[in-house]
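Close look at the chain arrangement
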Amino acid sequence: MTTLCIANNRTEEMVGDLTGMAPLEQLYAGCGAQRMLWWAEDGDVLVLPWGPDPEYLAYVTGLTGVRADSLTFVVPPPGAQGDQVLTTDRLADPVFRAELGRVLAGRTVEEVLAISPNGAVAELAAALGLAHAMPGQAFAAQGGNALVNSKAGFRAVAAGVGVPIPPGRVAGSPAEVEDAIEQLLAQGHSVMVKVEFQAGGFGNEVLARDERVDAAGAERVVPLTDREAVAGYVAERWTWLTGGRGQRVVVERYFADSAPLYAQFLIDDAAVVLSGCGEMVMRPVVIGEITPPVTPDAEVRAELVAQGARLCEALRVIGYRGTVSADAVLTPKGEIYFHETNGRLTGSSHLHDAYFGRLLREEHRGSRYILELAGLKVPSFAEAVAAIGEAGLAFDPETGTGVLYSCDFGPADGSVMYCTIAESPEGTRALETALLALFAG
């Protein structure tokens, strides 16, 4: 049996108009796409933006136990935007499709697994005669993935099923947006405005009048002293707020000093199944997370899961299949408000599917914490791997603890994304301190 893995990290359903992505952003996205290797099994076929780095391939397969030489990689020709992201035109390229068809000939494809199960993937699956192997293909083929990832669509679904969301509304005109912002500011609240399609806190801005706030989950804080300032802000930022193509704008109350949480689920034909929960680290946008989350108590975590499952059940009924992260905040008063769903393999999925699901032994899975953070500068990926091995910090399956590297961002900025796995949150931080000391100075 073969899984066809498609690493389409960054699509319009995720971040809006891809032509607005700078070359460096696209390169980061391409590096992140290589994390698809964590899902690979013997004999699988992977479609990547570019071929995997041999050092990273050897590292990942060495941990997962997959035979690297059993994997087949297919890379489409560059598209209109180059070769960093698997854009729609690259997946539709006839030369690529012919090559992929030859590779898959004679194989039984059990599943088509994409980072973003969108219309482009649904059309590719159909063209290859694999529509039956893509869960939710009919829904995706009609643009359903955009509905699941729309921050505006989310509010309608959540409100409809009674899941708590921040006070606010979806607005479609400058006058509506101005009015929605002013209403919240006049009540003494700070405001978060959101571009309909974006990810990781990009596309969010915090607006404040009297309240002193720091941006968490947003790119910046904008002071607006009065209604005239609000009108000026909306006029100046209108193109950005609407994604440059007339998208809707989400305006909602911003809760300062809240803990950003998520509950991630797998939705199939029969049920909504919890994959895991986590707590995001913001500086000021997301740079990592710890899982399980450390701030909520057992009662709050149970509510997070119950309400997240309620959201996902609504998405299951309308036909979405695959991974969904239901994101929320826990306010200082102990209230939970959900603010978006992400229908894709997220930056957390590999932690639950690969690390808890594959690398950790069953006896360790209920008693380990994972801290993952980005931005560790290293001489090279190979030297980074050697350093933790020599220091005795590398992940050890016997103990279910240690350090591993989840992603190599070397081509973009010379950094790696790292995970520390320990029996407690304090243990993950102690491992992090030891890891950072290896590369200090």
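These numbers were taken from a predicted model, which means no experiment stands behind them. Per chain, the residues get numbers from 1 upward, laid out in the order the sequence is written. Restriction of local features to residues with pLDDT of at least 70 applies here, the model being predicted, together with a cutoff of 80 or more for giving and counting side-chain atom pairs; totals for whole chains, interfaces and linings are based on all residues. Side-chain numbers here rest on the full set of heavy atoms in the structure, without hydrogens or water.

Our focus in this paragraph is the overall build of the protein chain. Helix and strand definitions here come from DSSP, where helices need a minimum of 4 consecutive H or I residues and strands a minimum of 2 consecutive E residues; each element is numbered from the N-terminal end. A count of helices and strands for the protein chain gives 16 helices and 17 strands. The C-alpha atoms of the protein chain give a radius of gyration of 22 Å, which matches the 22 Å a tight globule of 441 residues would have. The dimensions of the protein chain, computed from C-alpha atoms along their principal axes, are 65 × 50 × 45 Å. Contacts were defined at the residue level, with two residues in contact if any of their heavy atoms lie within 4.5 Å. Looking at the protein chain alone, contacts between residues at least 24 apart form 66% of all its contacts between residues at least 6 apart. Each accessible area value is a Shrake-Rupley result obtained with a 1.4 Å probe; residue values ignore everything except the protein chains displayed when judging cover. Total accessible area computed for the protein chain in this model is approximately 17,600 Å², and 52% of it derives from carbon and sulfur atoms. Neither His nor the chain ends contribute to the count of charged residues, in which Lys and Arg are positive and Asp and Glu negative. A charge is said to be at NZ when it belongs to Lys, at CZ for Arg, at CG for Asp and at CD for Glu. Of the side chains in the protein chain, 32 bear a positive and 56 a negative charge, and the two mean positions are spaced by 3 Å. For the radius of gyration, the atom set is restricted to C-alpha positions; the globular benchmark scales as 2.2 Å times the number of residues to the power 0.38.

Further remarks concern the sheet that holds strand β3 (residues 72-74). Pairs of strands are assigned from DSSP output, requiring at least two bridges between the strands. The four strands lie next to each other as β3-β2-β1-β4, forming an open sheet whose pairing is parallel. Taken across any chain shown, the strands that pair with only one partner, and hence form the sheet edges, are β3 and β4 (109-114). Neighbouring strand axes in the sheet, compared pairwise and without regard to direction, differ in orientation by 15° on average. Judged from the three bridges that link them, strand β1 (residues 2-6) and strand β2 (residues 45-47) form a sheet pairing that is parallel. By the bridge assignment for β2, Leu4 is matched with Val45. Think of each axis as a best-fit line through the C-alpha atoms, taken over the contacting stretch in the case of a helix, with angles from 0 to 180 degrees between the N-to-C directions.

The next thing to look at is the side chain of Glu13. Inspection of the secondary structure puts Glu13 in helix α1 (residues 12-15). Whenever a nitrogen or oxygen atom comes within 3.5 Å of another N or O atom, the pair is scored as a polar contact, on the condition that within protein one atom can donate a hydrogen and the other can accept it, and that pairs from neighbouring residues in sequence are kept only if both atoms are in side chains. At 3.0 Å, the side chain of Glu13 forms a polar contact with the side chain of Thr11. Within the local environment of Glu13, its side chain forms a polar contact with the side chain of Asn118, the two groups lying 3.2 Å apart. Excluding residues that lie within four positions of it along the chain, Glu13 makes contacts with Ser116, Asn118, Gly119, Asn145, Ala146, Asn149 and Phe197.

Let us now look at the sheet that holds strand β9 (residues 249-254). Reading across the sheet, the five strands line up as β5-β9-β6-β7-β8 and stay open at both edges, with mixed pairing between neighbours. Two strands lie at the open edges of the sheet, namely β5 (168-171) and β8 (221-223), each paired on one side alone. Between one strand axis and the next, the sheet turns through 25° on average, direction left out of account. Relative to strand β7 (residues 204-208), helix α11 (residues 227-241) is tilted by about 165°, and along the sheet it contacts β6 (190-195), β7, β8 and β9.

Only one rule defines a salt bridge in this text: a Lys or Arg side-chain nitrogen within 4 Å of an Asp or Glu carboxyl oxygen. In this structure the tally under the stated criterion is 20 salt bridges. Here Glu123 makes a salt bridge to Arg97, at a shortest N to O gap of 2.3 Å. On the criterion of sequence distance, the pair formed by Glu123 in helix α6 (residues 119-127) and Arg97 in helix α5 (residues 94-104) is long-range, its members being 26 residues apart. The buried label applies to any residue whose accessible area, calculated with a 1.4 Å probe on protein chains only, is under 20% of its type's maximum; exposed applies above 50%, and partly exposed to all values in between. Using a relative accessible area of 17% as the deciding quantity, one classes Arg97 as buried. Members of the salt-bridge network, linked through shared partners, are Arg169, Glu178, Asp179 and Arg227.

Turning to the layout of surface pockets, a few remarks are in order. Each cavity reported here is a set of points on a 1 Å grid over the protein atoms alone in which a 1.4 Å probe fits but cannot get out, each pocket an open set with protein on both sides within 12 Å along at least five of seven lines, and each lining residue one with an atom within 4 Å of a point. Grid points are joined across faces, edges and corners, and a volume is the space filled by probe spheres set on the points. Counted as a void, the second largest pocket has a volume near 620 Å³. Lining the second largest pocket are 32 residues, and of these Trp39, Glu111, Leu113, Leu266 and Asp353 sit closest to its centre. Looking at the lining of the second largest pocket, the elements with two or more residues in it are β1, β4, β10 (259-267), β11 (272-282), β13 (322-330) and α13 (349-359). When residues of the lining of the second largest pocket are assigned to their parent elements, the largest contribution, five residues, is made by β4.

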